[in-house]
Amino acid sequence: MQHLLLNIILSSTFFFTAKYNYSMKPCMLFLSVLLFLLTYVEGRFVVEKNSISILSPHKLRGKHDGAIGNFGLPNYGGYIVGSLVYPDKGSYGCQVFEGDKPFKFRSNRPTILLLDRGECYFALKVWHAQLAGAAAVLVADSIDESLITMDSPEESTDADGYIEKIVIPSALVEKSFGDSLKEALNNKDEVLLRIDWRESVPHPDNRVEYEFWTNSNDECGARCDEQMNFVKNFKGHAQILERGGYTLFTPHYITWFCPKPFVESSQCKSQCINRGRYCAPDPEKDFGEGYEGKDVVYENLRQLCVHRVANESNRSWVWWDYVTDFHVRCSMKEKKYSKDCAEVVMKSLDLPIEKIKKCVGDPEADVENEVLKIEQTAQIGGGSRGDVTILPTLVLNNVQYRGKLERTSVLKAVCAGFKETTEPQVCLSGDIETNECLERNGGCWHDRNANVTACKDTFRGRVCECPVVKGVQYRGDGYITCEAFGPARCSLNNGGCWSETRNKITFSACSESELNGCHCPVGFLGDGNKCEDVDECKERSACQCDGCSCKNTWGSYDCKCKGDLLYIKEQDTCIERSGSKYGRVLAFVVVAVVVGAALAGYIFYKYRLRSYMDSEIMAIMSQYMPLDQQNNVVHAESQPLRQDTV
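The structure reproduced in this document is the subject of the present report. Nothing here was measured: the structure is a model prediction, and the numbers come from that model.

Next up on the list: the overall build of the protein. If you tally the helices and strands in the protein, you get 16 helices and 28 strands. Here the protein holds 646 residues, and 45% of them are scored as buried. Contacts in the protein between residues at least 24 apart in sequence constitute 63% of all its contacts with a sequence separation of at least 6. Per element, the accessible surface of the protein, about 35,200 Å² overall, is 53% carbon and sulfur.

Shown next as structure tokens:
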């Protein structure tokens, strides 16, 4: 249905310009208005929200939704608590409020100004509220309807640049909610509100996925200037996050298509590539001069291919360098917006030009372009994202960013997309967040002696979690208690247990053999967090032998027996010292006998071994003895014969 209506609109526009030779400037304006209406009527536009909680009066306590305004600086990842004020006059906020910042810090709290919808631009209301000292603005709807997004005017002669100067957040609230707030204020109740953006961006894990829908055209006025300034200013943060693997970034570009009956028309040929499949509006909104829409489509496609090719070599962040360099070196305003200039930039960044050309393909061919076809499909929202209908648009974890594209504000929104305690260090900078652990330790458990805390600073606030310090795990609720756990716990502040040293002697209630808990050592009494010496002498729990004298020492005691007796502590008794000498002599005799027996056994063993070796040697030698004996017999028998012969 949307594509059919788009065809009808484009067909009508090209018909009037071609047949009746109308000027293209009013026709292009007519086309823009129709496309705008088509987008809002047929497109699935999702309103991004924050929560608004009434803290007082008690009878109104509750939580409501507000539609985040698409200008100013929403406090993504944070919140603001302030007193609500409804002006006695000028409730539309269309005129400058009288006085010097009349709404600044009433009741020692920031002022949240409530205004009525109507009479002038939303952005103008918020600008006047900011001039009057308000910290945030709520605009009450004038009719009962679903929430809509307050946007800034595209072009306005009376804007006087105020839109870019708005730095406070704003939101549209439903009429019924606004009426209840006005009634409470009319009854002289103090209305205290909390506007909260901490859940405006999903934060499921340790990586943020975000998209930037943009355009290479730099002749589209304030919106083009805004997006190019953002790219230049945010490039450093974006590349750090991308190189560190903290984010997954994807650029996108919007294209339209030309109605089939006008594919051969000069207007369609000048604004589209690939036979009318992918088109962009004329940069100057005049077909007769300057650059053409297809020039913009060409460059959009090149920038998409730069990212795709760079990503293949794990250099996806080079896209930010290319886009900023192209804007500086190949500007439309300087008449350098061309393919040749683009290739010079690619070469300077060591990008493979031939691969990028292959990715771009043939813009004149009557075929689908794979890259741009994906872009047209991605324009249609899925899930919670909604259709992309505003340029530029930033999408974070599948929700659309609202507010001015400003470096710090966008970084806050990106950081709000990380799961707590997984944020990169850039998100914990004092420039963009407040470290709540610095004040009263965030209300979390804290061991001052070991300087160990359960407070962990995150971008959306602090969390109280028992830490792991030097391999030692703490367990507890993180708010009141955290207890060291595990075999290494005694190495860190003695496991949180009692320990004391006197006269170079140290006692501890922490035991390496126990995984947790504190127990006073022998000679001390207490709960393990505090231990006191036991006076064994006074309590008569030791040294009770007859005639013994007891003296208490720190952690122990000294017991002396009367006369020449020897005290045995284990048995708490005294024995004769002579008996002790006899025992030592007896022990010496026993040891001597054992040693002598061992020595005799060794000598006997050596004798038996020698005898055995001798017998073995004789056995071996006997194997050769028969030959020698046989020779001796022969000689003995032959000798007499020789004598007989003689």
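Where burial is concerned, most of helix α3 (residues 122-131) is hidden: 9 out of the 10 residues are buried. Among the residues of α3, Phe122, Ala123, Leu124, Lys125, Val126, Trp127, His128, Ala129 and Gln130 are the ones counted as buried. One or two positions beyond α3, positive phi appears at glycine 133, with a value near 95°.

Turning our attention to the environment of glycine 486. Its location among the elements puts glycine 486 in the loop between β20 (483-485) and β21 (499-502). Residue classification places glycine 486 among the buried positions, given a relative accessible area of 7%. Sequence-wise, glycine 486 and valine 472 are 14 residues apart; in three dimensions their C-alpha atoms are separated by 6.8 Å. Beyond its immediate stretch of four places on either side in the chain, glycine 486 contacts Glu514 and Leu515.

This part takes up the sheet that holds strand β13 (residues 399-400). One open sheet holds the 4 strands; their spatial order is β9-β8-β12-β13, and the pairing between them is mixed. Looking at the sheet topology across the chains shown, the edges are occupied by β9 (247-253) and β13. The pairing of strand β8 (residues 208-214) with β9 spans 7 bridges and is parallel. Looking at β9, one finds that glutamate 211 is bridged to threonine 250. The sheet strands contacting helix α6 (residues 222-243) are β8 and β9, and the helix crosses β8 at an angle near 155°.

As a further point, take the environment of alanine 222. With respect to the helices and strands, the residue alanine 222 is situated in helix α6. In this structure the C-alpha to C-alpha distance between alanine 222 and glutamate 164, which are 58 residues apart in sequence, comes to 9.3 Å.

With their axes 10 Å apart at the nearest point, helix α10 (residues 339-348) and helix α11 (residues 353-360) run at an angle of 135° to one another. One element, α10, and the other, α11, form an angle in the oblique class. Residues Lys339, Glu343, Met346 and Lys347 of α10 form the contact with α11, whose participating residues are Ile353, Ile356 and Lys357. The class makeup of the residues in the contact of α10 with α11 is 3 nonpolar, no polar and 4 charged.

Another point: helix α13 (residues 407-415). Among the 9 residues that make up α13, 8 are buried, leaving the element largely enclosed by the rest of the structure. Of all the positions in α13, only Thr408, Ser409, Val410, Leu411, Lys412, Ala413, Val414 and Cys415 are classed as buried. Buried residues belonging to α13 abut β8, α6, β9 and β12 (393-396). Near the N-terminus of α13, the side chain that reaches the backbone nitrogen of threonine 408, with its oxygen 3.2 Å away, is that of glutamate 406.

Our next topic: the pattern of salt bridges. Applying the stated criterion across every chain, the model contains 23 salt bridges. Where glutamate 264 meets arginine 275, a salt bridge forms, and the shortest distance between an N and an O atom there is 2.1 Å. Residue glutamate 264 is found in the loop between β9 and α7 (266-271), and its partner arginine 275 is found in the loop between β10 (272-273) and β11 (278-279); the two are separated by 11 residues along the sequence. According to the relative accessible area criterion, glutamate 264 is partly exposed, its value standing at 46%.

Our next topic: the state of the cysteines. Counting across every chain of the model gives 16 disulfides. Sulfur-sulfur distance for the disulfide between cysteine 415 and cysteine 427 comes to 2.0 Å. Its S-S torsion of approximately -80° makes the covalent link between cysteine 415 and cysteine 427 left-handed. Taken together, the residues cysteine 415 in helix α13 and cysteine 427 in the loop between α13 and β14 (446-447) connect sequence positions 12 residues apart. Exposure remark for cysteine 415: the relative accessible area of 0% places this residue in the buried category. Residue cysteine 444 pairs covalently with cysteine 464 via a disulfide, S to S 1.8 Å. The sign of the S-S torsion, about -65°, decides the handedness of the disulfide formed by cysteine 444 and cysteine 464: left-handed. Of this pair, cysteine 444 sits in the loop between α13 and β14 while cysteine 464 sits in strand β17 (residues 461-464), and the two are 20 residues apart along the sequence. One exposure class covers both cysteine 444 and cysteine 464, and it is buried.

About the cut-offs
Residues numbered from 1 in each chain as written. Predicted model: local features only at pLDDT ≥ 70, side-chain atom pairs only at ≥ 80, totals over all residues. Heavy atoms only, no water. Helix = DSSP H or I, 4+ residues; strand = E, 2+ residues; numbered from the N terminus. Buried < 20%, exposed > 50% of the residue type's maximum accessible area, 1.4 Å probe, protein only. Contact = heavy atoms within 4.5 Å. Areas by Shrake-Rupley, 256 points an atom, 1.4 Å probe, with all protein chains shown as cover. Pairing = 2+ DSSP bridges. Axes fitted to C-alpha atoms, helices over the stretch in contact; angles between N-to-C directions. Parallel < 35°, antiparallel > 145°, perpendicular 65-115°, else oblique. Nonpolar A, V, L, I, M, F, W, Y, C, P; charged D, E, K, R; others polar. Polar contact = N/O pair within 3.5 Å; in protein donor to acceptor, adjacent residues only side chain to side chain. Salt bridge = Lys/Arg side-chain N within 4 Å of Asp/Glu carboxyl O. Disulfide = S-S within 2.5 Å.

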